[in-house]
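# Coordinate inspection notes
This is what each chain is made of:
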Amino acid sequence: MSTTTRRLTTAQALVRFLSAQYSERDGVRHRLIAGTWGIFGHGNVAGIGQALLEAGEDTMPFHQGRNEQSMVHAAVGYARQLNRLSAQAVTTSIGPGATNLVTGAALATINRLPVLLLPGDYFATRSADPLLQQLEHPVEADVSVNDTLRPVSRYFDRITRPEMLIPAALNAMRVLADPADTGAVTLALPQDVQAEAYDWPEEFFAERVWHVRRPVADPYELAEAVRAISAAERPLIVAGGGVHHSEAEAALKALVDATGIPVASTQAGKGSLRHDHPADLGGIGHTGTAVSDDIARTADLIIGVGTRYTDFTTASNTLFQQPGVRFVNLNITAFDAHKLAARPLVADARTGLEALTEGLSGHRVDAAYEAEYRAGKARWEEVVEAAYRAEDAAVPTQTQVLGALDAVVGDDDVVINAAGSLPGDLHKLWRARGPRQYHLEYGYSCMGYEIPAGIGVQQAAPGTPVWSLVGDGTYLMMPTEIVTAVQEGLPVNLVLIQNHGYASIGGLSEEVGGERFGTAYRYRAADGTFSGAPLPVDLAANAASLGMDVIRAKTVRELRDALAAARASDRPTCVYVETDPTPTAPPAEAWWDVPVAEVASRDAASTARERYDGHVADRRRHL
């Protein structure tokens, strides 16, 4: 073993180490850490900042952000587009720069998407104590604000000595490249340690390739799953995000073509089958289609593939109502495979689906069942057409905005959304043409994700048309990365829908007896409520002031023309439209549990509670 060393600062060593890390799956290699986002302050400018400058763009590309949370969102969008095989790092100063990472870290970990976080930290030597922005804890002196990142990170370490970086960095890469364990990884870096020199062994900087494994199914679990599926009369596959992460779409299609088992998809799994495949029933759960939810209620076996079974998917445990319904869960994570008292099939989604297809050779569902779900799919397509249909001169509704976009996009376009009323409309109505077209962040449903995620997708797939769909509420949360898109020349298309408030929560508020309290963007009226005229904000002018090209559309015809122009542009472009608030989206086909006040003096809440108690009666435990 060589004893050659190289004298570098801790920050310089970290950057050099990261530049030599690769992932590999199916014989294809990727840079594991393909670039670093950063905003510099006193906690990282002389450490990581200097190290990035010294390394140069060829060694570690640098991306300048405007908000720490949105930098994480951009990195997450990047990783998701590349099926978790490549990630980015995010460096921040100490204090508020570091705590701004927490929301993005939670989003990454909940969605099982890799991102490396490098927040600055207090002086390890305590030579300056307390320093600017340091949190002083009266009985735990080793606590800093970075400890807020512990519960939202899959791996966390604080590097208080240079030599601690070696095992910590290796562990960080292990977790980032682990398909069952990935998420946000945090290495907290005291600012004095970042700048401290050390004699590093040359082996630390050697090229390393981290194999992304595809574990195969246990023979016993596979046999049990095949037996359960063969015995089922009305099986239904629930496709989750794991199908995409594993690049298992072709394997899923092969299973479905062979067996005739229909597929419903979660928000993360939509696009696992093309929308026009006869067995694709669309979204499932509270925001699902009528055909998916009808089949789910009568299914005797649910086959979950790469899904976490959130409350939106299960309709808060009211959806799967067949008395004898059972579950088989194919998941790379044992934690998820055992949910709902399922028969677990712990394996990579692709290898697991291929094994199931082989084990089910010759098996096919009854022709009457196929005819039933295909007829339901045809009926739902009529619902989609009605929601999309619009007169050229009309002011578009939100679903008609989606219809106009549907007519413009190509198979490889990426449509991004995360929060508000759009996820429900998209899950029900969007016709996903390709495996990466439907990019909904609904694990954390984080307002402000859409614009920075669009930047990350553009970085991961240059030349791909990217559409970030945002309402006015989301836009006001985090528009700042528009500046980054302009600076980098990334032609992200922003579809900005103005409806003067929180439309989704306004509707929910009305449903649960909240009477839309505090959900409209309006002047305060004489009675103290926010029921006056709409606020005179001009979000299109704001987007233009940040450097975007802006096209205003008032009618359906103008909207179609604007979307086509945006898609053809090589500049970041905003299509701004004020929508007709008339509801045109189909209603929810399944329940979602939002508890309602048990006692109230207002009639709206009392009535809502009566409805709530009726739904609760359908909730069940799957044991």
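Reference entry: report on the structure contained in this document. Counting restarts for each chain: residues are numbered from 1 in the order of the written sequence. Residues qualify for local features only when their pLDDT is at least 70, as the model is predicted, and side-chain atom pairs are given and counted only at 80 or more; totals for whole chains, interfaces and linings, by contrast, use all residues. The side-chain quantities take in all heavy atoms of the structure and omit both hydrogens and water.

## A few points about the overall build of the protein
Only DSSP runs of H or I with at least four residues qualify as helices, and only runs of E with at least two residues qualify as strands; both kinds are numbered from the N terminus onward. A count of helical and extended segments in the protein gives 24 helices and 23 strands. Note on method: radius of gyration uses C-alpha positions; expected globular size equals 2.2 Å times residues raised to 0.38. Over its C-alpha atoms the protein spans a radius of gyration of 25 Å, differing by no more than 12% from the 25 Å that the globule rule assigns to 623 residues. For the protein, the spread of C-alpha atoms along the principal axes amounts to about 70 × 70 × 55 Å. When a residue's accessible area, from a 1.4 Å probe over protein chains only, is under 20% of the maximum for its type it is buried; when over 50% it is exposed; and in between it is partly exposed. In the protein, buried positions account for 57% of the 623 residues. In what follows, a contact means two residues having at least one pair of non-hydrogen atoms within 4.5 Å. Of the contacts formed within the protein by residues at least 6 apart in sequence, a portion of 76% connects residues at least 24 apart. When the accessible surface of the protein is totalled, it reaches about 24,200 Å², and 53% of it is carbon and sulfur. Accessible surface area values rest on a Shrake-Rupley calculation with a 1.4 Å probe, where residue burial reflects the displayed protein chains alone.

## Details of the packing of aromatic side chains
Side-chain rings of Phe, Tyr and Trp, where Trp is taken by its six-membered ring, are said to pair if the distance between their centres is within 6.5 Å; with planes under 30 degrees apart they count as stacked, over 60 as edge-to-face, and otherwise as tilted. One pass over the full model with this rule turns up twelve aromatic pairs. A centroid spacing of 5.1 Å and a plane angle of 75 degrees characterise the contact between Phe-312 and Tyr-442, whose relative ring orientation is edge-to-face. One end of the pair, Phe-312, is in helix α12 (residues 311-314); the other, Tyr-442, is in the loop between β19 (438-440) and α18 (450-460), and 130 residues separate them in sequence. Judged by relative accessible area, which is 11%, Phe-312 ranks as buried. Tyr-442 gets classed as partly exposed once you look at its relative accessible area, which sits at 22%. For the ring pair Tyr-369 and Tyr-373, a centre distance of 5.6 Å and an interplane angle of 85 degrees mean the geometry is edge-to-face. Pair noted here: Tyr-369 and Tyr-373 are both in helix α15 (residues 367-388), with a separation of four residues, about one helical turn.

## A word on the layout of surface pockets
Of the two site types, the cavity is a set of points on a 1 Å grid over the protein atoms alone where a 1.4 Å probe fits but cannot get out, and the pocket is an open set with protein on both sides within 12 Å along at least five of seven lines, each lined by residues with an atom within 4 Å of a point. Grid points are joined across faces, edges and corners, and a volume is the space filled by probe spheres set on the points. Here the second largest pocket is characterised by a volume of approximately 730 Å³. Along the walls of the second largest pocket sit 50 residues, with Asn-111, Gly-241, Ala-268, Gly-306 and Arg-308 positioned nearest its centre. Mapped onto the lining of the second largest pocket, the elements with two or more residues apiece are α3 (68-81), α9 (241-245), α12 and β16 (326-331). Here the lining of the second largest pocket is built from residues that sort into 20 nonpolar, 19 polar and eleven charged. When residues are grouped by polarity, Ala, Val, Leu, Ile, Met, Phe, Trp, Tyr, Cys and Pro land in nonpolar, Asp, Glu, Lys and Arg in charged, and all others, Gly among them, in polar.

## Digging into the state of the cysteines
For the purposes of this analysis, a disulfide is any pair of cysteine sulfur atoms at a distance within 2.5 Å. The full count for this structure, using the stated rule, is zero disulfides. The thiol of Cys-446 is not disulfide-bonded; the next cysteine sulfur, from Cys-574, is found 20 Å away. With relative accessibility at 0%, the residue Cys-574 sits in the buried group.

## Description of the sheet that holds strand β11 (residues 208-211)
Two strands make a pair as long as DSSP finds a minimum of two bridges between them. Strand order in the open sheet formed by three strands is β3-β2-β11, and the pairing between neighbours is mixed. Whereas interior strands pair on both sides, the edge strands pair on one side only; in this sheet they are β3 (28-31) and β11. Going from strand to strand, the sheet's axes swing by 35 degrees on average, the running direction of each strand aside. Both strand β2 (residues 21-25) and β3 contribute to a ladder of four bridges, which runs antiparallel. Bridge pairing links Arg-25 to Val-28 in β3. Lines fitted to C-alpha atoms define the axes here, with helix axes fitted over just the stretch in contact, and angles between the N-to-C directions of these axes take values from 0 to 180 degrees. Against the sheet, helix α1 (residues 10-19) touches β2, β3 and β11, its axis set at about 25 degrees to β2.

## Examining the sheet that holds β16
Spatial strand order, β14-β13-β12-β15-β16-β17: six strands in an open sheet with parallel pairing. The open sheet has two free edges, formed respectively by β14 (280-283) and β17 (343-346), since each of these has just one partner strand. Adjacent strand axes in the sheet meet at a mean angle of 20 degrees, parallel and antiparallel pairs treated alike. Note: β16 against β17, four bridges, orientation parallel. Residue pairing for β17: Asn-331 is matched across the bridge by Val-346. With respect to the sheet, helix α8 (residues 219-231) is in contact with β15 (301-305), β16 and β17, its orientation differing from that of β17 by roughly 130 degrees.

## Section: the environment of Arg-297
The residue Arg-297 is located in helix α11 (residues 290-298) in this model. Residues Arg-297 and Phe-320 lie 23 residues apart in sequence; the distance between their C-alpha atoms is 4.7 Å. Not counting residues up to four positions away in its chain, the partners in contact with Arg-297 are Leu-319, Gln-321, Gln-322, Glu-589 and Ala-590.

## What to know about the packing of helix α16 (residues 398-406) against helix α23 (residues 556-568)
For the pair α16 and α23, the least separation of the axes is 9 Å and the interaxial angle reads 45 degrees. Between α16 and α23, the crossing angle belongs to the class labelled oblique. Between α16 and α23 lies a crossing whose hand is right-handed. Packed against α16, whose contacting residues are Val-401, Ala-404 and Leu-405, the element α23 presents Leu-559, Arg-560 and Leu-563 at the interface. For the contact of α16 with α23, the class distribution of residues is five nonpolar, no polar and one charged. Here is the rule for angles: anything less than 35 degrees is roughly parallel, anything more than 145 is roughly antiparallel, 65 through 115 is roughly perpendicular, and the remaining ranges are oblique. For a crossing to be left-handed, the near helix must be turned anticlockwise from the far one by less than a right angle; the clockwise case is right-handed.

## Brief notes about the pattern of salt bridges
For salt bridges, the criterion is a side-chain nitrogen of Lys or Arg within 4 Å of an Asp or Glu carboxyl oxygen. Counted under the stated rule, the structure contains 37 salt bridges. With a shortest N-O distance of 2.9 Å, Arg-214 and Asp-26 are connected by a salt bridge. Taken together, the residues span a long stretch of sequence, with Arg-214 in the loop between β11 and α8 and Asp-26 in the loop between β2 and β3 at a distance of 188 residues. Taking relative accessible area as the criterion, Arg-214 reaches 15% and is therefore assigned buried.

## Section: the side chain of Gln-194
The topology assignment puts Gln-194 in helix α7 (residues 191-195). When its relative accessible area of 2% is taken as the criterion, Gln-194 is described as buried. Only 3.0 Å separates the side chain of Gln-194 from the backbone nitrogen of Ile-48, close enough to count as a polar contact. With residues up to four places along the chain from it excluded, the contact list for Gln-194 reads Thr-9, Thr-10, Ala-11, Gly-43, Asn-44, Gly-47, Ile-48, Gly-120 and Leu-189. Distance and chemistry together define a polar contact, namely a pair of N or O atoms within 3.5 Å, with one atom able to donate a hydrogen and the other to accept it when in protein, and with adjacent residues in sequence counting only for side-chain atoms on both sides.

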